[in-house]
Amino acid sequence: MKKQKKLRGTTTASAPASGGFPSTEELLQTLATQNRPMRLDGLLRVLGLARRERKELEAALDDLERQGSALRLRGGLWTRPENLKSITGRFSALREGAGFVTPMRLAADDEQESPRWQFSGGKDIYIPSAQNGGAWHQDLVRVALSPGAQRGPSPEGRIVEIVERGLKEVPAHVVHRHGNSLFCRPADSRLPADFNVELPAGSEAPAQGTLVLLAPLKPLASDLWSATLLGNYGREDDVAVQEELVKLNHEVPRDFPAGALAEAEALPGEADFKGRRDVRDLALVTIDGADARDFDDAVHVEEQPGGKGWVLRVAIADVSHYVRPRGRGCPGALDAEALSRGNSWYFPRSVEPMLPEVLSNGLCSLRPHVNRLAVLAEIPFTAAGKPGKPRFSEVVMRSAARLTYDQVKACILDKDEAALAELRAEERGEEVLAMLDKAFALYTVLRDVRRQRGTLDFDLPEAQSRLDDLGRVVWLGHRERNDAHRLIEEFMIAANEAVARHLRDADIPFLYRVHPDPDPERLESLFDTLAATGIENLPPKPSPAAMQGILAAAQGTPQEFLVNRLCLRAMPQARYMPFNEGHFGLASTAYCHFTSPIRRYADLLTHRALKMSLRLDSGPLPAGEKLLRIGDQINRRERAAMACEREMDRRLGCLALLPRVGEHFSGIVAGVTDFGVFVELEAMPVEGMIRVEDLGDDWYDFDARLMSLVGQRSGVQWRMGQKLEVALSEVHLGRLEIRLMPLELPKGIGGRGARSPRGSRGRGSPAGRAAGGRKGSSSGWKLVSPGDGESRGRNDKPAKNGKNGKKSGAGKSGHSGQPGGQSARKGKNGTGTPAKSGRPVRSGKKTAGKRG
């Protein structure tokens, strides 16, 4: 027998003891003894096998891989899972089976608390679709990291074990009934299996198309599971049903643990005013939306004698008095649950609060004419708007009025007599009106000062819906904003900055709200795109400082929408950090969140830090690594809540458009990719997609840097900001897809008239196909969130990446209808689209539409 040649970097395994083909145990032992992954040829040599046995060896390794005992890596390398570094984490699936795993760890604050899976830090691991190990969205999994494999900004790995199924309940649609069995398809397109449900004999079956809730039992095949019917939601066009779907898809926290509820119920109903400053004589008022559910801030403005300036008072609910961290006899169950939730989760018809209702709508809510505990920030301002040294104190207050934005606008801005008479009739109405006049005078000065220092003002409208008695969407449009909204936002920004400066100077550990400067590469891409869309008078050199001038110049012009959206997408995401990096969007050198402790855990931490700086008891403060981990946790919860709101907005848009298929709409091109054009409708904040195959019979070159599609033959150009008329072709609520057809084509480059859209292979023009669409078609969805303007409302959220952005709403397939909004990986330019240009894309061919 020939002497075996030892491979460099390996240990030599003995030939099979039997002298024949190695057994399973021998194969596993051989893989275990190698100090690096090996290819088939190397294993043949180590095992002393002939080359003719290569196929037999590969088949044996494939069997081991199916059993989870061996791993095939990139390049045909084989190893044992135990030989690779592995982590445990939560799997977030994309539509086609790929996804990301977020590293998690079991952790507890002390021995009294049972360990929980928590974010452990580090980058998400990318999982290719072929390496997901059968995992479902939200499963807790163990991932083997591929050695040296790096895909974009994330390492790559393979799921080798499903530690725990994340979804115990799955919403699904009833497709059909056969005897006592239901065949159901999950409402979440990221789940890779259908379900078979056995019904008890004689039971009433849900109708076809009904939305039901299932509990998965066991696999019947690779893509079919048995399941138990848990409940019947009923009509899918009910907004309450859609809310339930979103909550299930995103695992939104629902019921509070018994310990947290018990701690909340044990709180005293009558507040203790001892040692507090009494400011019940001040005409503090709350100003919120008509549908506000909690009131955590009140304002008051006093004019200083001789026209020397003003004193702004912002009173914030003293949540930290009731919600305390574990220690000194406090069980800390409320605090632990608040941190776990991170923030309140808002929906059109409901809210899942960060704190139990006895606190969020009771003890902590600054209701009118009721004594409440608060933390008061008093900030003097000169006549020129320069802030002086602030004063902070624990107080007892009594809100003089609960006002709405529209009510303040009617009284102060419109001088509406009926509104004025109604407010004057209240107990302290005249006093409140006089105070509001002073408040608007201060607001005007503060607004101008902030603009002068370079703050960015993204005044993008929010969505607003109107429902009928059955919970169906009967109208969807833009929520109107006025100077009453902006006044409150300005005062909240002033209070947040005052607290951040105070804590910074006191050297107290707390979480800043930071917003980094835009990345130079994305900034350059932004300016290229602005230039390509016809924006005039651009600065010669891209710079963050120039963005304010661009936004100001576009205000009130037809290009305002486009400029706001493009600038917003070029911005990085704001986040909480224990280190001060400044706030680019607000042009602020020190900023934090202080004004909403009922609904944001970051604000609650800030209150505790502020009390420590005043030598008041607030319990132990986190610092160092622990504070950094808390910041990571609430950053992730904030992003999850934003994803819920985006998905809910998409669902509302689909519901509003379902009965309007075939109608014509005006729109504006809000995004261009190589697979189609995204169009936002003017009448409502809803976006659909014109697929590239519906752009006319032509080949289109896609320029990702200039964000345009140009027809090679016709010269037709599709670019950001174009206005056009479209027809609604199709709405698919299950996939959250809206498909549009153009009613006309834009002019070609150089003014050439575009040829009439014929469509290929005799399909006719896009307009002619608009009313019907085709089976199996899909369209794109992307909803841009308002930027991190740090408004006091629910929408003080930063922009996500645009199309194809990592974990953004619009995936490579051209649609973000999958619940959770995860999608393709981040690109290199300002919108997240892969930075490639000049790629011809055939319109009118099915091959061009595969990406859509």
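The sections below set out a description of the structure shown in this document. (Residues numbered from 1 in each chain as written. Predicted model: local features only at pLDDT ≥ 70, side-chain atom pairs only at ≥ 80, totals over all residues. Heavy atoms only, no water.)

## Structural notes on the overall build of the protein
Now for step 1: Tallying secondary structure elements over the protein gives 19 helices and 35 strands in all.
Now for step 2: For the protein, the proportion of its 852 residues judged to be buried stands at 56%.
Now for step 3: Summarising the internal contacts of the protein: among those between residues at least 6 apart in sequence, 68% fall at separations of at least 24.
Now for step 4: Element-wise, carbon and sulfur atoms account for 49% of the exposed surface of the protein, whose accessible area totals about 35,300 Å². (Helix = DSSP H or I, 4+ residues; strand = E, 2+ residues; numbered from the N terminus. Buried < 20%, exposed > 50% of the residue type's maximum accessible area, 1.4 Å probe, protein only. Contact = heavy atoms within 4.5 Å. Areas by Shrake-Rupley, 256 points an atom, 1.4 Å probe, with all protein chains shown as cover.)

## Some words on the environment of A498
Now for step 1: Relative to the elements of secondary structure, A498 occurs in helix α12 (residues 483-506).
Now for step 2: Separated by 121 residues in sequence, A498 and A377 have C-alpha atoms that sit 8.3 Å apart.
Now for step 3: Apart from the residues within four sequence positions on either side, A498 is in contact with I379, P390 and F392.

## Points about the pattern of salt bridges
Now for step 1: Applying the stated criterion to the full structure yields 43 salt bridges.
Now for step 2: Taking the shortest distance from any N to any O, the salt bridge between R391 and E378 comes out at 3.7 Å. With R391 in strand β21 (residues 391-398) and E378 in strand β20 (residues 371-382), the pair connects residues that are 13 residues apart, well separated along the chain.
Now for step 3: Look at E378 and you get buried, because its relative accessible area is 7%.
Now for step 4: R486 serves as the salt-bridge partner of D483, at 3.1 Å between the closest nitrogen and oxygen. Placement of both D483 and R486 in helix α12 is noted, with a separation of three residues, approximately one turn of the helix. (Salt bridge = Lys/Arg side-chain N within 4 Å of Asp/Glu carboxyl O.)

## Considering the nonpolar core
Now for step 1: The biggest cluster of nonpolar side chains holds 63 residues, and the ones touching the most others in it are L526, L657 and W718.
Now for step 2: For this core, the element with the highest residue contribution is helix α17 (residues 624-657), accounting for eight residues.
Now for step 3: If near-sequence neighbours (up to four positions away) are discounted, W718 is found in contact with V672, V677, L695, Y700, M707, S708, L709, L724, P742, E744, L745 and P746.
Now for step 4: With 57 residues, the next largest nonpolar core counts V375, F440, F491 and M492 among its residues. (Core = buried A, V, L, I, M, F, W, Y, C linked by side-chain atoms within 4.5 Å.)

## Here we look at the sheet that holds strand β9 (residues 170-178)
Strands belonging to one sheet form pairs held by backbone hydrogen bonds; the direction of such a pair is parallel or antiparallel.
Now for step 1: Read around the closed barrel, the five strands follow the order β9-β10-β11-β13-β12; overall the barrel is mixed. The sheet shows a mean angle of 45 degrees between the axes of neighbouring strands, direction not considered.
Now for step 2: Relative to strand β10 (residues 181-186), β9 runs antiparallel, the two being bridged by six bridges. When the sheet's bridge partners are listed, A172 is paired in β10 with P186. (Pairing = 2+ DSSP bridges. Axes fitted to C-alpha atoms, helices over the stretch in contact; angles between N-to-C directions.)

## Describing the packing of helix α1 (residues 24-33) against helix α2 (residues 40-47)
Now for step 1: The interhelical angle for the contact between α1 and α2, taken along N-to-C directions, is 110 degrees, at an axis separation of 11 Å. Accordingly, the angle class assigned to the pair α1 and α2 is roughly perpendicular. For the crossing formed where α1 meets α2, the hand is right-handed. Contacts between α1 and α2 involve L27, T30 and L31 on the former and, on the latter, L43, V46 and L47.
Now for step 2: The class makeup of the residues in the contact of α1 with α2 is five nonpolar, one polar and no charged. (Parallel < 35°, antiparallel > 145°, perpendicular 65-115°, else oblique. Left-handed = near helix turned anticlockwise from the far one by under 90°. Nonpolar A, V, L, I, M, F, W, Y, C, P; charged D, E, K, R; others polar.)

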